[in-house]
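Notes for the structure review
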Amino acid sequence: MGRWAALGSVIGARAAGRLQASAAQADPRTVAARVRFFGADVVDPDTGAVRADRVVLSWVGCTTYAFAVAGSVFLLDAWVPRLTSTGYVPATAQDLADLAPEAIFIGHGHFDHAADAGRVAEASGAVVYGTAEHGVNIRAQVADSTFRTVALGDGTSLPGERHEFSVGPVEVTAIRHVHSAPTAPERPGGSAPFFPLPELGALVRHPPTLAGVLQSAARLNDPEGGSLLYQFRIPGFSLVWHDSSGPLTEKAPQVFDVFADLPPTDVQIGAVQGFNQITNGLRDPRRYIEAIRPELFVPTHHDNWFPGLTASAATYDIRLRGELSRIPTDHRPNLRPLHDPLDYVNPHRLTFPL
């Protein structure tokens, strides 16, 4: 197929008719979804195959990303925000299923990260990777679920536990860490508290629908189930993604050494918003960056994903740049801010040629 990565029998089997095994007659919904999320220059218009010489991520609000890498299509988390507004993020759970992903990687099990995972996995045949608790809770989202889950540790796992595996040509490391949580202000030299005032504009312009409220409200009490950070590697590129940044300084400082032991990271997509910012500002995201040392940092979980309680990503820009300025220049990553709503489902912001 030349420059196009063959979809192969794996997707053909798991997508169960969404892409025919020969890839000659792709479901037009899958082709359209992949073109929209990854770009027309990355997707074969006939087969829906994605280019193997491009890595593309498309942001779907909060910490969910569609991820094309080495000819494979993955989801990082699986939830489209719609609890207090519908349409602010221009995507649906069905759109995620239409991508026919091979795998869904769950960072943790709260509703704003995993509430659509069961529906998408059941519709697409994607394998769900996460802790054992994530698998149980996501299976419970769908009656008589048939999709497969892979457990990366369980309730007995300790912070720093590391899992190594491959999904097709992509090598993956998953590391148990901790969810964001408030801790006492660090003194001396701590980061100043920060929490932007909530914005209501998205709620007014994109009011919630009853269906959106009911679908999300049913998952509001879903447990965390443990938090995982992932590194994805192919020759010439590596990505770290984590959907929470916890107070490892107080709770599990040994995990920083586990992060530092990872192979070099080109791009880190890391959660910025967290419960600890009310006492320690953006210290925790900075500490993750200092340990991982990426070339490029992309903030996430900093948008207006819950209008009425959250604010837009732009409100974090000045404070985040100030926090990164505390990192020595020889280890300070470049910063690529993503702003809502313009950067939702905008693959051109995160396309990396190999």
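Worth saying up front: this structure is predicted, and the values here are computed from it rather than measured.

Let us now look at the overall build of the protein chain. A tally of helices and strands in the protein chain yields 13 helices and 14 strands. For the protein chain, the C-alpha radius of gyration of 19 Å lies close to 20 Å, the compact-globule estimate for 354 residues. The principal-axis extent of the C-alpha atoms belonging to the protein chain is close to 65 × 45 × 40 Å. Buried residues in the protein chain amount to 60% of all 354 residues. Residue pairs in contact within the protein chain that sit at least 24 positions apart in sequence constitute 72% of those at least 6 positions apart. About 13400 Å² of surface is accessible on the protein chain, with carbon and sulfur atoms providing 57% of the total. Of the charged side chains in the protein chain, 29 are positive and 36 negative, and the gap between their average positions amounts to 3 Å.

Working definition: the strands of a sheet are paired by backbone hydrogen bonds and lie parallel or antiparallel to each other. Taken together, the seven strands give an open sheet; going across it, the order is 6-5-4-3-2-1-14, and neighbouring strands pair in mixed fashion. Among the strands making up the open sheet, the edge pair consists of strand 6 (149-151) and strand 14 (351-353). Across the sheet, the mean angle separating the axes of adjacent strands is 20° when strand polarity is ignored.

On to the packing of aromatic side chains. Tallying each qualifying case throughout the model produces 20 aromatic pairs. The interplanar angle of 90° and the centroid separation of 5.2 Å between the aromatic rings of Phe 194 and Tyr 316 together place this pair among those described as edge-to-face. Taken as a pair, Phe 194 in the loop between strand 8 (170-177) and helix 7 (201-205) and Tyr 316 in the loop between strand 12 (296-300) and helix 13 (317-324) lie far apart in primary sequence, 122 residues in all. The same class applies to Phe 194 as to Tyr 316, namely buried. The structure contains a cluster of three or more aromatic residues connected by ring pairs, namely Phe 67, Phe 74, Phe 105, Tyr 129, Phe 165, Tyr 230, Phe 232 and Trp 241. The cationic tip of Arg 139 hangs over the ring face of Phe 147; the distance from NZ or CZ to the ring centre is 5.1 Å.

Along the chain, Arg 51 falls in the loop between helix 2 (28-38) and strand 1 (54-59). Assessed through its relative accessible area of 8%, Arg 51 is described here as buried.

Chain-level pLDDT for the protein chain is 93 on average; 93% of the residues reach the 70-or-more range. A low-confidence stretch, residues 1-24 stays under pLDDT 50, and its non-local contacts, those more than four residues away or across chains, total 56 contacts.

As a further point, take the pairing of strand 1. Of all six residues in strand 1, six are buried, a share of seventy percent or more. Here strand 1 shows two buried faces, one formed by Arg 54, Val 56 and Ser 58 and the other by Val 55, Leu 57 and Trp 59. Sheet topology note: the strand 1/strand 14 ladder contains three bridges and is antiparallel. Across the sheet, Arg 54 pairs through a bridge with Pro 353, a residue of strand 14. In this sheet, strand 2 (residues 65-69) lies alongside strand 1 in antiparallel orientation, the contact comprising four bridges. Its bridge partner being in strand 2, Val 56 is matched across the sheet by Ala 68. Here strand 1 hands over to strand 2 after five residues, with Gly 61 in that stretch at a positive phi of 90°.

A word on the sheet that holds strand 7 (residues 162-167). In spatial order, the strands read 7-8-9-10-11-12-13; together these seven strands make up an open sheet with mixed pairing. At either margin of the open sheet sits one strand with a lone partner, and together these are strand 7 and strand 13 (334-335). The pairing of strand 10 (residues 237-242) with strand 11 (residues 267-271) spans four bridges and is classified as parallel. Pairing of Val 240 across the sheet is with Gln 268, part of strand 11. Along the sheet, helix 12 (residues 283-292) makes contact with strand 8, strand 9 (227-234), strand 10, strand 11 and strand 12, crossing strand 11 at roughly 160°.

We now examine the nonpolar core. Counting 67 residues, the largest nonpolar core has Phe 38, Leu 57, Phe 105 and Tyr 230 as the members making the most contacts within it. Core analysis: the second largest hydrophobic core is formed by 14 residues, Ile 175, Leu 229, Val 258 and Phe 259 among them.

Another point: the side chain of Arg 219. Tracing the sequence through the fold places Arg 219 in the loop between helix 8 (210-217) and strand 9. The residues touching Arg 219, leaving out its near neighbours within four places in the chain, are Phe 111, Ala 115 and Gln 141.

Structural remark: α-helix, 3.6 residues per turn; residues separated by three or four positions point the same way. For helix 13, the set of buried residues is Asp 317, Leu 320, Glu 323 and Leu 324. Taken down its axis, helix 13 places every buried residue within 130° of arc, on the same side. Of the surrounding secondary structure, the elements contacted by the buried residues of helix 13 are helix 12, strand 12 and strand 13.

Conventions and cut-offs
- Starting from 1, residues in each chain are numbered consecutively following that chain's sequence as written.
- Confidence filtering applies because this is a predicted model: local features only for residues at pLDDT of at least 70, side-chain atom pairs given and counted only at 80 or more, and all residues used for totals across whole chains, interfaces and linings.
- As a convention, hydrogens and water are excluded, and side-chain values are obtained from all of the structure's heavy atoms.
- The helix count covers DSSP runs of H or I at least four residues long, the strand count covers runs of E at least two residues long, and both are numbered beginning at the N terminus.
- Between the two quantities, the radius of gyration covers C-alpha atoms and the globule rule is 2.2 Å times the number of residues to the power 0.38.
- The classification of residues rests on relative accessible area computed with a 1.4 Å probe and restricted to protein chains. Under 20% of the type maximum is buried, over 50% is exposed, and intermediate values are partly exposed.
- We call two residues contacting when some pair of their heavy atoms lies within 4.5 Å.
- Here the open area of atoms and residues is found with the Shrake-Rupley method and a 1.4 Å probe, where only the protein chains shown may cover a residue.
- Within this scheme the basic residues Lys and Arg register as positive and the acidic residues Asp and Glu register as negative, but His and the chain ends are omitted.
- Where a charge sits is defined by one atom per residue type, namely NZ (Lys), CZ (Arg), CG (Asp) or CD (Glu).
- Pairs of strands are assigned from DSSP output, requiring at least two bridges between the strands.
- What counts as an axis is a line fitted to C-alpha atoms, over the stretch in contact for a helix, and the angles between N-to-C directions run from 0 to 180 degrees.
- Side-chain rings of Phe, Tyr and Trp (the six-membered ring for Trp) are treated as a pair once their centres are within 6.5 Å; stacked means planes under 30 degrees apart, edge-to-face means over 60, and tilted covers the remaining angles.
- Whether a charge lies above a ring is judged from NZ of Lys or CZ of Arg, which has to be within 6 Å of the ring centre and within 35 degrees of the ring normal.
- The quantity known as pLDDT measures the predictor's confidence residue by residue, on a range of 0 to 100.
- Only buried residues count toward a nonpolar core, which is a set of Ala, Val, Leu, Ile, Met, Phe, Trp, Tyr and Cys residues joined through side-chain atoms within 4.5 Å.
- The directions from the helix axis to the C-beta atoms are what the arc is built from.

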